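Coordinate inspection notes
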Amino acid sequence: MFDFVPIAQPDSGVYDADVTAAECTLPWQRRPHAPPRAAAINLRRFIGCAVREFTFLAKKPGCGGLHITTDACWGRCETWEKPVLDPPFIESYQRVCTYNETRLVTVRLPNCSANVDPAYTYPVALRCDCGVCLTSTTECITSV
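Residues numbered from 1 in each chain as written. Predicted model: local features only at pLDDT ≥ 70, side-chain atom pairs only at ≥ 80, totals over all residues. Heavy atoms only, no water.

- Where an unreviewed UniProt entry is consulted, the protein chain appears under the name Glycoprotein hormone beta-5, with the organism given as Myripristis murdjan.
- Recorded under Subcellular location (unreviewed entry), the UniProt text for the protein chain is reproduced unchanged: "Secreted".
- Comment text from UniProt for the protein chain, heading Function (unreviewed entry), reads "Functions as a heterodimeric glycoprotein hormone with GPHA2 able to bind and activate the thyroid-stimulating hormone receptor (TSHR), leading to increased cAMP production. Plays a central role in controlling thyroid cell metabolism." (UniProt positions renumbered as here; feature names shortened; annotations may be inferred.)

Dropping the structure here:
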C-alpha cells in the first residue's frame, strides 16, 4: 500500500485573513503571461471547491521517499443537518470537495530494492467540485 504523507499542505489549520489571490488563484482566474492579482480572498469565508497546489512525501516499502508537488482539490462545501420526527431522526445534506476530473502521473521512486518496482502513480486534479463523498476517490467517514 502507498502512503501519502503531507509535508506542506495548503490548509494547515492556520488561517491568514490577509491571504491574497496570488496565494490562492482559482483555475478560471489564471491569466497566461500576467502577474497574479493582489485582490484578497478570505479563505475563512471561501465556500466552494478549487484546484490547489499540494506537496506530499511519496513512499512505499523498499524505496526511498520522494517529495512531489501536484494539484489537489481543496475547499469547503455547503453541509447541513436538521432533526426530523421520523427515523433516522435527522435529515442531512453533506457534500465534500472532491475530484471531478484527474489524470494519472507515474514517477520513479529513488533507492528501491532490487525486487521492488520503483513506479509510483498518483492523481493530478484537473477539476474539482462539491459532491457526494465517494471512498474510491476521497477519504471520508460515510460513503455512497
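Description of the pattern of salt bridges
- Summed over the entire model, instances satisfying the criterion amount to 2 salt bridges.
- Among the ionic pairs, Glu-91 bridges to Lys-82, the shortest N-O distance being 3.7 Å.
- Looking at Glu-91, the relative accessible area reads 35%, which means it is partly exposed.
- A relative accessible area of 41% means that Lys-82 is categorised as partly exposed.
- Between Glu-101 and Arg-127 there is a salt bridge, and its shortest N-O distance comes to 3.2 Å. With Glu-101 in strand 6 (residues 96-108) and Arg-127 in strand 7 (residues 119-131), the pair connects residues that are 26 residues apart, well separated along the chain.
- For Arg-127, a relative accessible area of 45% gives the class partly exposed. (Salt bridge = Lys/Arg side-chain N within 4 Å of Asp/Glu carboxyl O. Buried < 20%, exposed > 50% of the residue type's maximum accessible area, 1.4 Å probe, protein only. Helix = DSSP H or I, 4+ residues; strand = E, 2+ residues; numbered from the N terminus.)

What about the pairing of strand 3 (residues 66-76)?
- Where strand 2 (residues 48-59) meets strand 3, 11 bridges bridge the pair, whose relative direction is antiparallel. By the bridge assignment for strand 3, Glu-53 is matched with Asp-71.
- What sits between strand 2 and strand 3 in their antiparallel hairpin is a turn of 6 residues, with Gly-62 showing a positive phi close to 90 degrees. (Pairing = 2+ DSSP bridges.)

Details of the confidence of the model for the protein chain
- For the protein chain, per-residue confidence averages 74 on the pLDDT scale, and 67% of positions sit at 70 or higher.
- Within the protein chain, the lowest mean pLDDT, 39, falls on strand 1 (residues 3-8), and the highest, 94, falls on strand 7.
- In the model, residues 1-38 has pLDDT below 50 throughout and makes 59 contacts with residues more than four positions away in sequence or in other chains. (pLDDT = per-residue confidence, 0-100. Contact = heavy atoms within 4.5 Å.)

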